[in-house]
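A structural walkthrough
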Amino acid sequence: MIVNVKQSNVVSKQYVHNSQVFVALEEFRVFQIELVNWWARRLAVVSVDGINVIDGSDAGYAGTGYVLNPSQTLEIPGWLKSGEKAASFTTVAVEQSYAVRTGRDASNVGVIGVAVFDEKVKPVFEPPWGRTRGVMRGSGQPIGDPYEINCSTSEGGQQVNSTRGIGTGFGKEVDFRTTKTSFERATDRPACVQMIRYGTVDQLRKWGVPIDAPSPSPSAFPVESNIGYCPTPKDR
C-alpha cells in the first residue's frame, strides 16, 4: 500500500533521511492522506499525531481502520465525525493541535502512521473431483503486494530532535461518507507499518533533511540511435 500526503491536490514530495520519511507542509493549510491499495482487500489503521483518525482514541495496532478493496484509492480528508462528515486535517501551531486540545502532550505531534493488515483467507471447499493438483485453492496465505515500495516492517530509524513547530488541528467540517463493514485480520501484527514525519520547510532543514539537494536526472535514451547487438564486457 502506498501512502501519500496531499496539499492543494498535489502529492507532497517525500524525503528519506536517517531511515525515516519526511514531507514538508505549508502552515495553516488543509491536507489529506491518500492510500493506494494495489492488491488484495486490506485494512489500514491510520493515525495522525498518535491519534486514531476514526474514533479519536490513542492509536494502536488493534484500532479501527479503513478497509480498501483491490485497486482502490482512498483520500482521507480529516478526523471522522460521523458516517457523513469529517473535520479537516489542518496544519496549525502545536498548542492548537487536536492532540493538545484533547488533553494529550505534544510528544507524538508531527507524525502520520499507517498500519496495514492482510485479510484472513477462508478455506474454500472443493470436491475431490474438482480439485486441481497442488495446494487447494483458498488454503494459502495472503499474497504480498509487489508494489509496496514505500513499505517497512519496522518503526526503526534514528530519532530526530522532537522540537516541532506545527501539528494537526481539528479543522472545518467537510463531506466524507463512510460505511461500516467487517474484516478479519490474518494476524494481530500488521503486515506493514509506514510512518511519515511532517513539518515546515524550515523545520525539515533544521532536522538535517536534504530538501535542497538536487534530484538526479538520468536519461533513459542518452543517444538518438544505436544499431547492432549488446557487446560482451571486456573483462569477460
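See above for the structure.
Right, let's walk through the structure included here. The structure displayed is predicted, hence computed values, not measured ones.

**Considerations on the overall build of the protein chain**
Per the secondary structure count, the protein chain includes two helices and 14 strands. When each of the 236 residues of the protein chain is scored for burial, the buried share is 38%. On the protein chain, roughly 14,600 Å² of surface is accessible, and the fraction owed to carbon and sulfur atoms is 52%.

**Details of the nonpolar core**
Counting residues in each nonpolar core, the largest one holds 35 residues, and the members touching the most others are I33, L35, V46 and Y66. If we ignore the near neighbours within four places in the chain, the residues touching L35 are M1, I2, V3, A44, V46, L68, Q72, T73, L74, I76 and V114.

**Structural notes on the packing of aromatic side chains**
The full count for this structure, using the stated rule, is seven aromatic pairs. Note on F31 and Y198: the rings are 6.2 Å apart at their centroids and 45 degrees apart in plane angle, and the pair reads as tilted. One end of the pair, F31, is in strand β5 (residues 30–37); the other, Y198, is in strand β14 (residues 192–199), and 167 residues separate them in sequence. Of the two residues examined, F31 and Y198, each falls in the buried class. Judged by centre distance (5.3 Å) and plane angle (80 degrees), the rings of W79 and F89 are edge-to-face. Taken as a pair, W79 in strand β10 (residues 78–80) and F89 in strand β11 (residues 85–93) lie far apart in primary sequence, 10 residues in all. Taken as a pair, W79 and F89 share a single burial class, namely buried. Aromatic rings pair up to connect F31, W79, F89, Y98, F170 and Y198 into one cluster.

**As for the pattern of salt bridges**
A complete count under the given rule lists 11 salt bridges for this structure. R42 serves as the salt-bridge partner of D118, at 2.9 Å between the closest nitrogen and oxygen. Separated by 76 residues along the polypeptide, D118 in strand β12 (residues 111–118) and R42 in strand β6 (residues 42–48) bring together distant segments of the chain. The class of R42 is buried, set by a relative accessible area of 2%. Between R205 and D212 there is a salt bridge, with its nearest N and O atoms 2.8 Å apart. Exposure remark for R205: the relative accessible area of 41% places this residue in the partly exposed category.

**Brief notes about the side chain of S97**
For S97, the location among the structural elements is in the loop between β11 and α1 (98–101). Exposure remark for S97: the relative accessible area of 0% places this residue in the buried category. Apart from residues lying up to four places away in sequence, S97 is in contact with D49, V92, V109, G167, T168 and G169.

**Observations regarding unusual backbone geometry**
If you check the backbone angles, F28 has positive phi at about 55 degrees while not being a glycine. Within the secondary structure, F28 is located in the loop between β4 (20–24) and β5.

**Some thoughts on the environment of R29**
Relative to the helices and strands, R29 is located in the loop between β4 and β5. In this structure the C-alpha to C-alpha distance between R29 and G171, which are 142 residues apart in sequence, comes to 9.6 Å. In this view, R29 contacts Q7, S8, F89, T90 and T91; residues no more than four positions away in its chain are not counted.

**Digging into the side chain of N37**
Mapped onto the secondary structure, N37 falls in strand β5. In terms of polar contacts, N37 uses its side chain to reach the backbone carbonyl oxygen of A40, at 2.9 Å. Reaching out from N37, the side chain makes a polar contact with the backbone oxygen of L68 at a distance of 3.3 Å.

**Describing the environment of R197**
Inspection of the secondary structure puts R197 in strand β14. As for R197 and Y15, which are separated by 182 residues in sequence, their C-alpha atoms are 9.6 Å apart.

Cut-offs applied
- Residues numbered from 1 in each chain as written.
- Predicted model: local features only at pLDDT ≥ 70, side-chain atom pairs only at ≥ 80, totals over all residues.
- Heavy atoms only, no water.
- Helix = DSSP H or I, 4+ residues; strand = E, 2+ residues; numbered from the N terminus.
- Buried < 20%, exposed > 50% of the residue type's maximum accessible area, 1.4 Å probe, protein only.
- Areas by Shrake-Rupley, 256 points an atom, 1.4 Å probe, with all protein chains shown as cover.
- Core = buried A, V, L, I, M, F, W, Y, C linked by side-chain atoms within 4.5 Å.
- Contact = heavy atoms within 4.5 Å.
- Phe/Tyr/Trp six-rings, centres within 6.5 Å; stacked < 30°, edge-to-face > 60°.
- Salt bridge = Lys/Arg side-chain N within 4 Å of Asp/Glu carboxyl O.
- Polar contact = N/O pair within 3.5 Å; in protein donor to acceptor, adjacent residues only side chain to side chain.

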